[in-house]
Amino acid sequence: MAISRCFVILVVIVLDIGSIAYVSGQVSYNYNTQICCNGTVYTTNNSQTIICCGNDIYDSRNYQCCSPQNTIVPLLDAKNNSLSCCNGTGQIVPYNYLCCNGIISQQPQVVSSSDTFGCCNTVIYATNRQACCNGNVTDDPNQVMGCCNNVFFNTNNAICCNTTIVPIPSSSANYNYQCCGNSNNGYDQSKEICDYTTGLVYPKPNYTSCQNQYNQVCNGKVLGPLQQCCNGIVLNTPIVWTTYGDVDHLGVGAICCQNGGIIQDPIKERCCNSGVIPVDNQYEFCCNDTIYDSRFNGCCNGNVVPQGSYCCGDQVYNSLNQQCCDNTVISSGPNLGCCAPNIYF
C-alpha cells in the first residue's frame, strides 16, 4: 500500500522507499485512492479526475474551480452551453456573456457570421469590425485603425513613434516608413538613414559601391564606402592586409581597436589591453599587454608561455606528456584517457 501523510505545514521532508512514500505531517492517507486538500483527506476511488478546489474536491469532467474564491461551478448549463469563470471574481460567466476585467456583460447582437467578440478593457467589442484603444471602441471594417497614446489613427497613412502619431509622406510607401529608434521621428528606409543612438534622420547617399550598404551614421556623419566608425571617429577601412609571410600592407586607412585605440598600420601595430602597441614583425602579437613572437611562444590567460604549452582552465600544460581533463591537468599516455572529471586506464 502506498501511504503518505496529509500535511498542513509548509515545509516537509519526503522519503521514497520502494513503493511507499512517507511525508512528515499530520494525517496518513493512501495517495492512490485518496487526495489531500489543505489538510482534509477525501476518497478518490482511483479516479484521476478528482481535483482539489481549496478545501473541497470536484470532478474535472463535469465541474471547474473558480479562483480566488475557490467556487466549484459546472462546465455546462442546463442547455449544455459552456460556462466559464470570471477571472479573479469567482463568478460564473453564462453562455453568450463575456467577463472583461471582472465585469460580466452580455455579448452584442451578431451582425454577421464572422463576428467574434473580445474585451476592450471592460467593454465588449467585435474584433473583426471594430478597433480598441485603451477602453475606447470605434468602427473599423477594414481593420486599419491603430492606437497611439490613447488616440486612434489610420495605419495606412501614419505610424506611432514613441507615443506620437507621425504622418507618412505621400512620396513614401508605408511599408518603407519606420520609426527611428525610440525617437518621435519617422524615416523612409529607401531614402534616409536613421541614427538609432540620437534618433536623427539623414539623407541616404546615392552610392554605387556595394560596400557599406547599410549606411551607418558615425557621430552625426553618414559613412561613405570603405569607411567605419571607431568610437565616434570616421576611419577609412583597409582593402586587404595580411600578418603572414612577407606581403606588405595593401590597404588604406586604419583599424579600430575595441579599447578605443586606432591602428594606422596593422603590420606594425597591435590592439592590446592598454592601447595600441608597436611590433617588429607580423609574427608578434599581444598577450595582455606583453608582446610575444608566435613562432616561439604562446599566450595562456594573459601569460606568455613556451611553444607547445596550452591552457587548461587557469593552468598551463605541456601536450607532450600531459592532457587537460575538465579544466584539470593530468598525465597523458597510450593507456590513459579522460572521462571528465576522472582519469581512466
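Along each chain, numbering runs from 1 in the same order as the chain's sequence is written. Residue-level local features of this predicted model are given only where pLDDT is at least 70; pairs of side-chain atoms are given and counted only at 80 or more, and the full residue set underlies all totals for whole chains, interfaces and linings. Values shown for side chains rest on all heavy atoms present in the structure; no hydrogens or waters enter the calculation.

(A) Expanded view of the overall build of the protein chain. When helices and strands are tallied, the protein chain shows zero helices and 44 strands. Burial here depends on accessible area, computed with a 1.4 Å probe over protein chains only, as a share of the maximum for the residue type. Under 20% is buried, over 50% is exposed, and the range in between is partly exposed. Taking all 345 residues of the protein chain together, 30% fall into the buried category. Contacts: residue pairs with any heavy atoms within 4.5 Å of one another. Sequence separation of 24 or more characterises 8% of the internal contacts of the protein chain that already satisfy a separation of 6 or more. Total accessible area on the protein chain is roughly 21,200 Å²; 48% of this is exposed by carbon and sulfur atoms. Numbering of helices and strands runs from the N terminus, with a helix taken as a DSSP run of H or I at least four residues long and a strand as a DSSP run of E at least two residues long. Method for areas: the Shrake-Rupley scheme with a 1.4 Å probe, in which residue coverage is limited to the protein chains shown.

(B) Region of the structure containing the environment of Val201. Residue position: Val201 is located in strand β26 (residues 200-203). Here the alpha-carbon distance between Val201 and Val217, two residues 16 residues apart in the chain, equals 9.4 Å. Not counting the four nearest positions on each side in its chain, Val201 is found in contact with Cys180, Asn185, Gly186, Tyr187, Glu192 and Ile193.

(C) Quick peek at the environment of Tyr202. Tracing the sequence through the fold places Tyr202 in strand β26. Residue Tyr202 is classed as buried on the basis of its relative accessible area, which comes to 17%.

(D) Main features of unusual backbone geometry. Residue Pro68 is reached from Ser67 by a cis peptide bond, and omega for that bond is 5°. Inspection of the secondary structure puts Pro68 in the loop between β9 (63-66) and β10 (71-74). Of note in the backbone geometry, Asn45 takes a positive phi value of approximately 55° without being a glycine. Its location among the elements puts Asn45 in the loop between β6 (40-43) and β7 (50-53).

(E) Up close: the side chain of Asp59. Topologically, Asp59 is positioned in strand β8 (residues 56-59). A polar contact is formed between the side chain of Asp59 and the side chain of Arg61, at a distance of 2.5 Å. Setting aside anything within four residues of it in sequence, one finds Asp59 in contact with Thr49 and Ile50. As used in this structure description, the phrase polar contact means that two N or O atoms lie within 3.5 Å; if the pair is within protein, one of them must be able to donate a hydrogen and the other to accept it, and residues adjacent in sequence are counted only when both atoms belong to side chains.

(F) Focus on the pairing of strand β21 (residues 158-161). Note on pairing: two strands pair once DSSP finds at least 2 bridges between them. Direction of pairing for β21 relative to strand β22 (residues 164-167): antiparallel, over a ladder of four bridges. Residue pairing across strands places Cys160 opposite Ile165, the latter belonging to β22. In this structure, the hairpin formed by β21 and β22 is closed by a connection of two residues, where Asn162 is found at a positive phi of approximately 55°.

(G) Main features of the confidence of the model for the protein chain. Predicted confidence across the protein chain gives a mean pLDDT of 80, with 80% of residues reaching 70 or more. In predicted models, pLDDT denotes the confidence assigned by the predictor to each residue on a 0 to 100 scale. Across residues 7-25, where pLDDT falls below 50, the model places 34 contacts with residues more than four positions away in sequence or in other chains.

(H) Highlighting the packing of aromatic side chains. When the centres of two rings from Phe, Tyr and Trp lie within 6.5 Å, Trp using its six-membered ring, the rings pair. Their planes under 30 degrees apart give stacked, over 60 give edge-to-face, and anything left gives tilted. One pass over the full model with this rule turns up one aromatic pair. Seen in terms of ring centroids, Tyr310 and Tyr317 are 6.1 Å apart; in terms of plane orientation they differ by 40°. Their pairing is tilted. The cationic tip of Arg270 hangs over the ring face of Phe285; the distance from NZ or CZ to the ring centre is 4.8 Å. In this scheme, the term charge over a ring applies when either NZ of a lysine or CZ of an arginine sits within 6 Å of the ring centre and within 35 degrees of the ring normal.

(I) The pattern of salt bridges, seen in detail. The term salt bridge refers to a pairing of a side-chain nitrogen on Lys or Arg with a carboxyl oxygen on Asp or Glu at a separation within 4 Å. Applying the stated criterion across every chain yields a total of three salt bridges. For Arg61, the salt bridge is made with Asp59, and the minimal N-O distance between the two is 2.5 Å. Overall, Arg61 belongs to the exposed group, its relative accessible area being 55%. Residue Asp293 pairs with Arg295 through a salt bridge whose shortest N-O separation is 2.7 Å.

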